Amino acid sequence: MAGWYMARRPNMSSRVVIALALLAFALVAAVPVALIAGVIIMLLGHVIGGLALFGGSILAATAAVVLASVTGVRHLRGVVRGMLTEHDFTDHNIAEHDSTEHNSQVFQLDRDDYIYIR
């Protein structure tokens, strides 16, 4: 049971993907705040500063979203590739498996193996 819990814990690349997604979410949520702050700065007379603040927040949010999505897609491809290569779809004998590997053989039941209850 302890091995199952260890397998479910996120590794370092999963933590990086989660951190980048949270950063992208925070920067996208900060765009409206930057717009309001930029409008206030422009009302106080610093038009270039207000536009720079708003434009910079949009650029930062866009960069964070692109980085998080690219990293997430790479991580997802690695997870799927690991899942596909983890399962061996060829037939093996039990003697070929190590004692630590999971034995995932499929047994075909005959008609006599079923119990019919009336």
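Because the structure is a prediction, the values reported are computed rather than measured.

This next bit is on the overall build of the protein chain. Counting its regular elements, the protein chain contains 3 helices and 0 strands. Moving toward the C terminus, one meets the helices and strands of the protein chain in the order α-α-α. The buried share among the 118 residues of the protein chain stands at 11%. For the protein chain, the share of sequence-separated contacts (at least 6 apart) that also reach a separation of at least 24 residues comes to 52%. When the accessible surface of the protein chain is summed, it comes to about 10,400 Å², and 67% of that surface belongs to carbon and sulfur atoms.

Moving on to the environment of Val16. Along the chain, the position of Val16 falls in helix H2 (residues 12-43). The exposure class of Val16 is partly exposed, given its relative accessible area of 37%.

Here the focus is a nonpolar patch on the surface. A cluster of nonpolar residues, Leu35, Val39 and Leu43, forms a patch on the protein surface that exposes about 290 Å² of accessible area. Take Val39: it is sitting in helix H2. For Val39, a relative accessible area of 38% puts it in the partly exposed group.

Another aspect to go through is H2. Structural remark: α-helix, 3.6 residues per turn; residues separated by three or four positions point the same way. Spanning 32 residues, H2 covers 46 Å between terminal C-alpha atoms, matching the ideal 46 Å at 1.5 Å per step. Along H2, the positions that sit buried rather than exposed are Ser14, Val17, Leu20, Ala24, Val31, Ala34 and Gly38. Of the residues trailing H2, Gly45 is marked for its positive phi of about 110°.

Turning to the confidence of the model for the protein chain, a few remarks are in order. Looking at the protein chain as a whole, the pLDDT averages 79, with 72% of positions reaching at least 70. Considering each helix and strand of the protein chain separately, the mean pLDDT is smallest for helix H1 (residues 2-8), with a value of 52, and largest for H2, with 91.

Relative to the helices and strands, Ala52 resides in helix H3 (residues 47-86). Taking C-alpha positions, Ala52 is 10.0 Å from Ala34, a pair spaced 18 residues apart along the chain.

Rules and cut-offs
Residues numbered from 1 in each chain as written. Predicted model: local features only at pLDDT ≥ 70, side-chain atom pairs only at ≥ 80, totals over all residues. Heavy atoms only, no water. Helix = DSSP H or I, 4+ residues; strand = E, 2+ residues; numbered from the N terminus. Buried < 20%, exposed > 50% of the residue type's maximum accessible area, 1.4 Å probe, protein only. Contact = heavy atoms within 4.5 Å. Areas by Shrake-Rupley, 256 points an atom, 1.4 Å probe, with all protein chains shown as cover. Patch = residues over 30% accessible without salt bridge, like charges linked within 9 Å, V, L, I, M, F, W, Y side chains within 5 Å. Salt bridge = Lys/Arg side-chain N within 4 Å of Asp/Glu carboxyl O. Expected span 1.5 Å × (residues − 1). pLDDT = per-residue confidence, 0-100.

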